[in-house]
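# Breakdown of the fold
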Amino acid sequence: MIAVDYQQLAETPVGTDPFPHLIVPGFVPPESLREVLAALPPLRKRGSFPPDSVRLGPAARDLVEQMQGDRVRELIAARFGLDLAGAPTMLTLRGWTSERDGRIHCDSTAKRVTVLLYLNQETAAFGRQEGCLRLLRGPGDLEDYVMEVPPVNGTLLVFPNGSTAWHGHRRFVGQRYSIQLNYMTTDEKARSELRRHRLSAFVKRLTMAA
């Protein structure tokens, strides 16, 4: 079983500026991160891949299962004072970032909470702040940020979605592994988004097999 730092998730203070968020560096410790990276497929296409659309090694599968487990759900609910019991989850993997990514946005209202887990080693590009997610004061300026999260070293970022949860990153093209987990609403908009991801996964399986 891959070790993850549940205690740090339970104890790290919740930030409030520019919107409620939680940043947990090293949620996946170095040894576990190396095992997970060795168990990930070489995703060379932009987009989000449901886990069942790619071939994962045992360490990566275990991490995916833990991310969707009750312990992560309960800790996140407790930290933000939310009731996430029964909330559907949507988990996808990303492995490649293109020039089309990183534009300033708020997440879909179908997503109650966004959880991002970054599965990369440090690189010179990330050190230059390329591809580092910024928590922004508003939608107008990528430089008007309060926090910046390098996508490295098993760092976990969690935030409830809302009309002020603006985020984005500077242009980066290349390998950038992450797991995105969302706790969804139960309305038709959420069901539609889940259907869209399933259809996209089917198309990606066809193109990857070609």
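Anyway, here's the lowdown on the structure attached to this text. (Residues numbered from 1 in each chain as written. Predicted model: local features only at pLDDT ≥ 70, side-chain atom pairs only at ≥ 80, totals over all residues. Heavy atoms only, no water.)

## Looking at the packing of aromatic side chains
Summed over the entire model, instances satisfying the criterion amount to three aromatic pairs. Between Tyr-6 and Phe-27 the ring centres are 6.1 Å apart and the planes differ by 85 degrees, which places this aromatic pair in the edge-to-face class. Within this pair, whereas Tyr-6 is found in helix H1 (residues 6–11), its partner Phe-27 is found in the loop between strand E1 (22–24) and helix H2 (30–38), the two being separated by 21 residues in sequence. Taken individually, Tyr-6 and Phe-27 each receive the classification buried, so the pair is uniform in this respect. Aromatic side chains Phe-126 and Phe-172 sit 5.0 Å apart centroid to centroid with 40 degrees between the ring planes, which places their arrangement in the tilted category. Residue Phe-126 is located in helix H5 (residues 124–127), and its partner Phe-172 is located in the loop between strand E7 (167–168) and strand E8 (174–184); the two are separated by 46 residues in the primary sequence. (Phe/Tyr/Trp six-rings, centres within 6.5 Å; stacked < 30°, edge-to-face > 60°. Helix = DSSP H or I, 4+ residues; strand = E, 2+ residues; numbered from the N terminus. Buried < 20%, exposed > 50% of the residue type's maximum accessible area, 1.4 Å probe, protein only.)

## Considerations on helix H4 (residues 70–80)
Those residues of H4 lying buried are Val-72, Arg-73, Leu-75, Ile-76, Ala-77 and Phe-80. Gly-81 occupies a position one or two residues after H4 and carries a positive phi of about 65 degrees.

## Considerations on unusual backbone geometry
Asp-17 connects to Pro-18 through a cis peptide bond whose omega is 5 degrees. Residue Gln-129 is not a glycine yet carries a positive backbone phi of 75 degrees. In this fold, Gln-129 is placed in the loop between H5 and strand E4 (133–136). A positive phi angle is found at Asn-153, which is not glycine, with a value near 60 degrees. Along the chain, Asn-153 turns up in the loop between strand E5 (145–149) and strand E6 (156–160).

## Observations concerning the sheet that holds E1
In a beta sheet, neighbouring strands pair by backbone hydrogen bonds and run either parallel or antiparallel. Pairing within the open sheet is antiparallel, and its five strands lie in the order E1-E6-E3-E8-E2. In the strand order of this sheet, the two ends are held by E1 and strand E2 (89–97), each with one partner. Recorded for the sheet is a direction-independent mean angle of 15 degrees between the axes of neighbouring strands. Inspection of the sheet shows strand E3 (residues 111–118) paired to E8 by seven bridges, in the antiparallel sense. (Pairing = 2+ DSSP bridges. Axes fitted to C-alpha atoms, helices over the stretch in contact; angles between N-to-C directions.)

## Structural notes on the sheet that holds E5
Strands sit in the order E5-E4-E7 across an open sheet of three strands; the sheet is antiparallel. The open sheet has two edge strands, E5 and E7, and neither has a second partner. As judged from the two bridges shared by E4 and E7, these two strands associate in the antiparallel manner. In the sheet register, Leu-135 faces E7, and the bridge partner there is His-167.

These figures come from the coordinates and say nothing about function on their own.
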